[in-house]
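Coordinate inspection notes
Listed below, chain by chain, are the residues.
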Amino acid sequence: MRIGIVILPDQRWAESQRRWRQVDEWGFDHAWTYDHLGWRDLVDGPWFDSMATLTAAATVTSRIRLGTLVASPNFRHPAAFARQITTVDDVSAGRLLLGLGAGGIGFDSAVLGGETLPPRQRVDRFAEFTELLDLILREDGTTWRGDWFAAVDARNNPGCVQQPRVPFVVAANGPRSMRLVARFGQGWVTTGTGDDNDLAGWWASVSALSARMDRTLDEAGRDPASLDRYLSLDAAPVFSLSSAQFFADQVGRAAELGFTDVVTHWPRASSWYAGDEAILVDVATRLLPELRG
C-alpha cells in the first residue's frame, strides 16, 4: 500500500515548506495539494496557487511524488495548463502526478463570471479537457477544436520528463468519468458517496464503485492490474487521522478492496480536516513503515 497526504495551499511558504520537507523525510509515497482559486469556507482566508506551490515543493523535496488533487477545467485551458505541467515535471525530475476531475460548482465555477453547468455538461467539458490535454502533452503542434476547447498548433517542446506524458490520476464516481479513466488514466481516484454520518454506508459505496471500475475496465479490454487505485480517506464521515489505530484500520479496509494507494490530509486547527498534528507524527514515525510494507 502506498500512502499519500494532502497539504492545503493555505499557508505562506515560510510555514508550508516545513510540511513538504517533513512528509518527504517521513517516507510518504506522494503529497498533493488542491487546485482551486478558492475553496468552500476557506475562500476568505489565505490561499495560494497549486502549480506554483508544487514547483516550490519540488525544490525542497527529493523523492516524494507531487500532485494536484484535483485539477479541473473550471479555470484551466489545456494549452496553457500543459506548459505548467511540463515545467513542474521538469523541476521535480519526473515526480509529478496529475490528478484531474470534472470540477464542481462553487467559487471556481463562478469567479470567472461563467454560467454554472449541470453535471452532464461538466462531464462533457471534462472529456474534451482530458482528451486535448493528453494530445498536447504527447504531441508537439496540436491543432484541435471541440465544443468547449480549441487549440491551434499548441507546442509541448521539450515535453514531459515522464514519457509519453505525466501520469493522469482521474477522479471518477460515475459511468462516463470511469470510461475516461479506462481510456486515459494511469490511476483512478474516488471519494466514495453516501450519507455524511454513515461510515459503514460510505465504505459500502466505495466497494460498489470499485466493482463498477472493474466492470468498466473489463468492457474496455484493459487489464485491471494496469491501473493504480487511489482512495481519498477523508471523504468519509470520520477524519482518517482521528487516531493512529483508526487510520491503520482504514488503510487495511482500503487494501482489502483492492486499492493500491490511500490519501489523508495534514491536520488543520479548525474547519476542514481539523485534528491533532501529534497523531500525524505518530502515524508517520511509528506506523508508516508497517502500513506501506
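Before reading further, recall that the structure is shown in the block above.
Residues numbered from 1 in each chain as written. Predicted model: local features only at pLDDT ≥ 70, side-chain atom pairs only at ≥ 80, totals over all residues. Heavy atoms only, no water.

Attention shifts here to the nonpolar core. Formed by 88 residues in total, the largest nonpolar core has its most connected members in Phe28 and Leu133. Excluding its chain neighbours within four sequence positions, the residues that come into contact with Phe28 are Ile3, Gly4, Ile5, Val23, Arg63, Ile64, Leu280, Ala284 and Leu288. (Core = buried A, V, L, I, M, F, W, Y, C linked by side-chain atoms within 4.5 Å. Buried < 20%, exposed > 50% of the residue type's maximum accessible area, 1.4 Å probe, protein only. Contact = heavy atoms within 4.5 Å.)

Read around the closed barrel, the eight strands follow the order E1-E2-E3-E4-E7-E8-E9-E10; overall the barrel is parallel. Taken over all neighbouring pairs, the strand axes of this sheet differ in orientation by 25° on average, direction set aside. Pairing of strand E4 (residues 96-100) with strand E7 (residues 168-171), which is carried by three bridges, proceeds in the parallel orientation. Paired with Gly99 across the strands is Val169, a residue of E7. In the packing of helix H1 (residues 13-26) onto the sheet, the strands contacted are strand E1 (2-6), strand E2 (30-33) and strand E3 (65-71), and the crossing angle to E2 comes to about 155°. Relative to the sheet, helix H3 (residues 78-91) contacts E3 and E4, its axis offset from that of E4 by approximately 150°. (Pairing = 2+ DSSP bridges. Helix = DSSP H or I, 4+ residues; strand = E, 2+ residues; numbered from the N terminus. Axes fitted to C-alpha atoms, helices over the stretch in contact; angles between N-to-C directions.)

Let us now look at the layout of surface pockets. To find leftover empty space, a probe the size of one water molecule is rolled over the atoms. By volume, the largest pocket is sized at about 1400 Å³. Taken together, 46 residues line the largest pocket, and the ones lying closest to its centre are Tyr34, Trp39, Arg40, Thr191 and Ala235. For the lining of the largest pocket, the class distribution of residues is 20 nonpolar, 18 polar and eight charged. What the second largest pocket holds in volume is close to 160 Å³. (1 Å grid on protein atoms, 1.4 Å probe; cavity = no way out; pocket = protein on both sides within 12 Å on 5 of 7 lines; lining within 4 Å. Points joined across faces, edges and corners; volume = space filled by probe spheres on them. Nonpolar A, V, L, I, M, F, W, Y, C, P; charged D, E, K, R; others polar.)

As a further point, take helix H9 (residues 277-292). One full turn of an α-helix is made of 3.6 residues, so residues set three or four places apart face in the same direction. Where H9 bends most, at Arg286, the angle is about 50°, and the proline Pro289 comes one to four residues later. Buried residues of H9: Ile279, Leu280, Val283, Ala284, Leu287, Leu288 and Leu291, and no others. Lining the buried residues of H9 we find E1, H1 and helix H8 (244-256). The N-cap residue of H9 is Asp276: its side-chain oxygen and the backbone nitrogen of Ala278 are 2.9 Å apart. (Bend = angle between axes of the 7 residues up to and from the residue. Polar contact = N/O pair within 3.5 Å; in protein donor to acceptor, adjacent residues only side chain to side chain.)

Counting across every chain of the model gives one cavity of 30 Å³ or more. Val6, Ile7, Leu8, Arg19, Trp266 and Arg268 are the residues that line the largest cavity.

Between its first and last C-alpha, H8 extends 19 Å over 13 residues, near the 18 Å set by a 1.5 Å rise per residue. Where H8 is concerned, the buried positions are Ala244, Phe246, Phe247, Ala248, Gln250, Val251 and Ala254. Within two residues after H8, Gly258 carries a phi angle of roughly 90°, on the positive side. (Expected span 1.5 Å × (residues − 1).)

Taken across its five residues, strand E9 (residues 228-232) has four buried, putting it largely inside the fold. In the sheet, strand E8 (residues 187-190) pairs with E9 via four bridges, with the strands oriented parallel. Across the sheet, Trp188 pairs through a bridge with Arg229, a residue of E9. Crossover connection from E8 via helix H7 (residues 199-219) to parallel E9: handedness right-handed. Both E9 and strand E10 (residues 261-265) contribute to a ladder of three bridges, which runs parallel. Looking at the pairing, Ser232 lines up with Val263 of E10. Read as a crossover between parallel neighbours, the route from E9 over H8 to E10 is right-handed. (Right-handed = clockwise from strand over helix to strand, strands pointing away.)

This brings us to unusual backbone geometry. Cis geometry marks the peptide bond from Leu69 to Val70; its omega dihedral reads -5°. You can see Val70 is positioned in strand E3. Positive phi values are uncommon outside glycine, yet Ser271 reaches one of about 60°. Phi at Tyr273 is positive, roughly 60°, even though this residue is not glycine.

Position of His30 among the secondary structure elements: in strand E2. Overall, the relative accessible area of 2% leaves His30 in the buried class. A distance of 2.8 Å separates polar atoms of two side chains, one belonging to His30 and the other to Asp261. Those residues within four positions of His30 in sequence are excluded, and the remaining contacts are Arg2, Ile3, Gly4, Ile5, Ile64, Arg65, Leu97, Tyr230, Asp261, Val262 and Val263.

This part covers the packing of aromatic side chains. The final tally for this structure, using the stated rule, is 12 aromatic pairs. Relative to Tyr230, the ring of Trp32 lies with its centre 5.8 Å away and its plane at 85°, an arrangement referred to as edge-to-face. Taken together, the residues Trp32 in strand E2 and Tyr230 in strand E9 connect sequence positions 198 residues apart. Seen in terms of ring centroids, Trp39 and Trp272 are 5.3 Å apart; in terms of plane orientation they differ by 55°. Their pairing is tilted. With Trp39 in the loop between E2 and helix H2 (50-60) and Trp272 in the loop between E10 and H9, this residue pair connects regions lying 233 residues apart in the sequence. According to the relative accessible area criterion, Trp39 is buried, its value standing at 8%. Judged by relative accessible area, Trp272 falls into the partly exposed class, the value being 32%. Three or more aromatic residues link up through ring pairs in this structure, and these residues are Tyr34, Trp39, Phe239, Trp272 and Tyr273. (Phe/Tyr/Trp six-rings, centres within 6.5 Å; stacked < 30°, edge-to-face > 60°.)

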